[in-house]
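# Structural overview for review
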Amino acid sequence: MSEAKPFIISKRLVWEAYKRVKANGGAAGVDGETIAEFGKDLVNNLYKLWNRMSSGSYFPEPVRRVEIPKGDGGVRPLGIPTVTDRIAQAVVKQILEPELEQRFHPDSYGYRPDKSAQEAVGVARQRCWRNDWVLDLDIKGFFDNIDHELLMRAVRKHTESKWVALYIERWLQAPVQMADGALCKREKGTPQGGVISPLLANLFLHYAFDMWMRKNFPHITFERFADDVVCHCTSEAQAKWARVEIEKRFAECRLELHPQKTKIVYCKDDDRRGNYTHEQFDFLGYTFRPRRSKNRKGEFFVNFSPAVSNEATKSIRKTMREWHLHERSDKSLEDLAGMFNPVLRGWINYFKSYYKSAMYPTFQHFDRILAKWAMRKYKKLRGHKRRAQQWITRIARKQPKLFAHWQLLQGAAGR
C-alpha cells in the first residue's frame with residue numbers, strides 16, 4: 001500500500017464491500033451500470049475505487065430517484081446510488097457499524113445484525129399484554145428530513161477516521177436525479193436505498209429518541225424499527241404526556257410527528273373495559289387489535305394480539321396478480337411451484353408466528369388463481385370454475401408439499 005495516500009484503506013475492505021453489494025443485488029444508478037457490467041472489469045474497477053478513496057479524490061455520483069407505491073395510495077421515494085457508490089458506502093459501513101452496534105439501544109431492531117422485525121413484533125405483543133396503552137409514533141418524512149449538521153455531529157462522535165466522516169458528508173450532499181433528469185440539490189435527508197442510509201438513520205434516532213427516552217422516560221418501554229416506533233404506557237394520561245414531550249424533542253432535532261398518523265391506542269381485551277377512539281395499530285406489517293383466541297383448556301377469550309395487516313395482504317395479493325400466473329399455461333404445476341415457492345415461503349415464515357389463520361384467505365386466493373391457470377391449460381376444465389378448484393384441492397391433498405402454503409391450509413382444514 002502506497003504511503004503517499006493520505007487515507008489508509010485496505011484493499012481487502014473494498015473487496016469484501018463488493019461481495020456484499022453483489023449479494024444484495026439492486027438496480028443501476030444514474031450511470032446505468034449494473035452489477036454484472038461492473039464485474040466485467042472487476043479488478044480494474046475496484047482498484048480505481050480504492051485509489052480514489054485512499055487519495056481523497058472520491059466524489060459520489062448523483063442518486064437516482066425512483067418512487068415505490070405505498071399501500072395507502074402514496075409513494076415512497078427511494079434513492080439508488082451507482083454500483084461504485086454502493087461499494088464505497090459498504091466500505092464505510094464495515095468500519096462504522098461494529099463501533100455503533102456496541103452503543104445502540106437493545107430495543108432498536110431495524111437493519112441490525114442479529115435483530116429482526118419478527119423479534120420486534122413479539123416483544124411488542126408481550127408489552128401490549130402488560131400495558132394498557134400504546135403511543136404509536138409516525139415521524140413525518142423521516143429519511144427526507146434528517147438534519148445533516150446534527151447527523152455529522154453524531155458521526156464524528158463515533159469515528160476518528162477523517163475519510164469516514166468526509167465521505168459520509170459527500171454522500172449526504174450528493175444531488176438527486178429526478179425521473180426527468182433534473183438534478184436537485186439536497187440540504188437535508190439521506191435517501192432510502194443507500195447502503196449506508198439505514199445505519200445513519202439508526203445513529204440519528206439513537207440520540208434523537210432512544211437515549212433521550214432512556215434519560216427522560218425510563219419507565220416507558222418501546223420498540224423501534226428504523227423510524228417506526230411503538231411506546232407502551234400504563235395510562236392514557238402518561239401516553240398524552242409522552243406524546244407532548246416527544247413532539248418537543250423531535251422539534252429540537254428538526255423533525256415532526258405526523259399529526260394524524262401519530263395516535264394513542266387502547267389495548268382492549270377481556271379484562272380491559274370501556275371503549276376508546278383507537279383500539280388498534282399497525283406495526284411492521286402486523287395489525288395489533290382485540291382478537292378471539294382459545295386457551296389451553298379450550299376456552300375462548302379476547303386478547304390484544306398481532307396478525308397480518310390488511311395493508312400487507314393487499315400488497316401480497318397485488319404481487320400475486322403481477323405474476324400473471326394464470327397466463328403461464330406453458331408451465332407445469334411443478335414449474336409454478338419452483339418459481340413461486342421461495343416468495344410464498346418468505347411470506348409464511350414472516351407472518352405464521354402470530355395468528356397465522358389471518359393468512360389463510362390470502363393463500364386461498366392464490367389457489368383460486370391456480371384454478372384459473374388449470375382452466376386455461378386443460379380443455380376438460382375450461383369453463384368449469386368449480387371443477388377446476390376441486391381439482392386443485394385434490395392435488396393439494398395428494399401432494400401437500402408441492403406448494404409452500406398447502407401444508408398450512410391442509411392443517412387448518414384438518415382442524
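What counts and what doesn't
Each chain has its residues counted from 1, running along the sequence as written. Confidence filtering applies because this is a predicted model: local features only for residues at pLDDT of at least 70, side-chain atom pairs given and counted only at 80 or more, and all residues used for totals across whole chains, interfaces and linings. As a rule here, side-chain values come from all non-hydrogen atoms in the structure, and water together with hydrogens is ignored. Pairing between strands is defined by DSSP: at least two bridges between them are needed. For the purposes of this entry, the term helix denotes a DSSP run of H or I that reaches at least four residues, the term strand denotes a run of E that reaches at least two, and both are numbered from the N terminus. Throughout, an axis means a line fitted to C-alpha atoms (over the contacting stretch in the case of helices), and angles, computed between N-to-C directions, take values from 0 to 180 degrees. By definition, residues are in contact when any of their heavy atoms lie within 4.5 Å. Here, nonpolar core means buried Ala, Val, Leu, Ile, Met, Phe, Trp, Tyr and Cys residues that are tied together by side-chain atoms lying within 4.5 Å of each other. Remark: exposure states derive from per-residue accessible area (1.4 Å probe, protein chains only) relative to the maximum for the residue type, with buried under 20%, exposed over 50%, and partly exposed in between. Note on aromatic pairs: the rings of Phe, Tyr and Trp (six-membered ring only in Trp) are paired at centre separations within 6.5 Å, and the planes decide the class, stacked below 30 degrees, edge-to-face beyond 60, tilted for the rest.

## Topic: the sheet that holds strand S8 (residues 263-266)
Overall, antiparallel pairing links the four strands, which are arranged S6-S7-S3-S8 in an open sheet. The outermost strands of the open sheet, each flanked by one partner alone, are strand S6 (221-225) and S8. Neighbour to neighbour, the strand axes of the sheet diverge by 20° on average, direction disregarded. Two elements, strand S3 (residues 133-138) and strand S7 (residues 228-233), share six bridges in a ladder whose sense is antiparallel. Each bridged residue has a counterpart across the sheet, and for Leu137 the counterpart in S7 is Val229. On the sheet, helix H5 (residues 117-130) packs against S3, S6 and S7 and is oriented at approximately 160° with respect to S6.

## A word on the nonpolar core
With 69 residues, the main nonpolar core has Ile87, Ile168, Phe209, Cys231 and Ile246 as its most contacted residues. Those residues within four positions of Ile168 in sequence are excluded, and the remaining contacts are Val92, Leu96, Met152, Val155 and Leu200. Counting 54 residues, the second-largest nonpolar core is a separate cluster that includes Tyr109, Ala312, Phe340 and Phe366.

## Quick word on the packing of aromatic side chains
By the definition in use, this model includes 29 aromatic pairs. Centre to centre, the rings of Tyr58 and Trp171 are 6.2 Å apart; their planes meet at 70°, and the pair counts as edge-to-face. Taken together, the residues Tyr58 in the loop between helix H3 (42-55) and strand S1 (63-69) and Trp171 in helix H8 (residues 162-173) connect sequence positions 113 residues apart. Both residues of the pair, Tyr58 and Trp171, belong to the buried class. Feature note: the residues Trp323, Phe340, Trp347, Phe366, Phe403 and Trp406 constitute an aromatic cluster, connected by ring pairs.

## Focus on the sheet that holds strand S9 (residues 281-283)
Across the sheet, which stays open at both edges, the three strands sit in the order S9-S10-S11 with antiparallel pairing between neighbours. The outermost strands of the open sheet, each flanked by one partner alone, are S9 and strand S11 (300-308). This sheet shows a mean twist of 50° between the axes of neighbouring strands, independent of strand direction. As paired elements, S9 and strand S10 (residues 286-294) share three bridges and run antiparallel to each other. When the sheet's bridge partners are listed, Asp282 is paired in S10 with Thr287.

## Structural notes on unusual backbone geometry
Phi at Leu284 takes a positive value of approximately 55°, unusual for a residue other than glycine. On the secondary structure map, Leu284 appears in the loop between S9 and S10. Of note, His324 is a non-glycine position whose phi angle comes to about 50°, a positive value. Position of His324 relative to the elements: it lies in the loop between helix H11 (310-322) and helix H12 (333-351).

These values are about where atoms sit, not about what they do.
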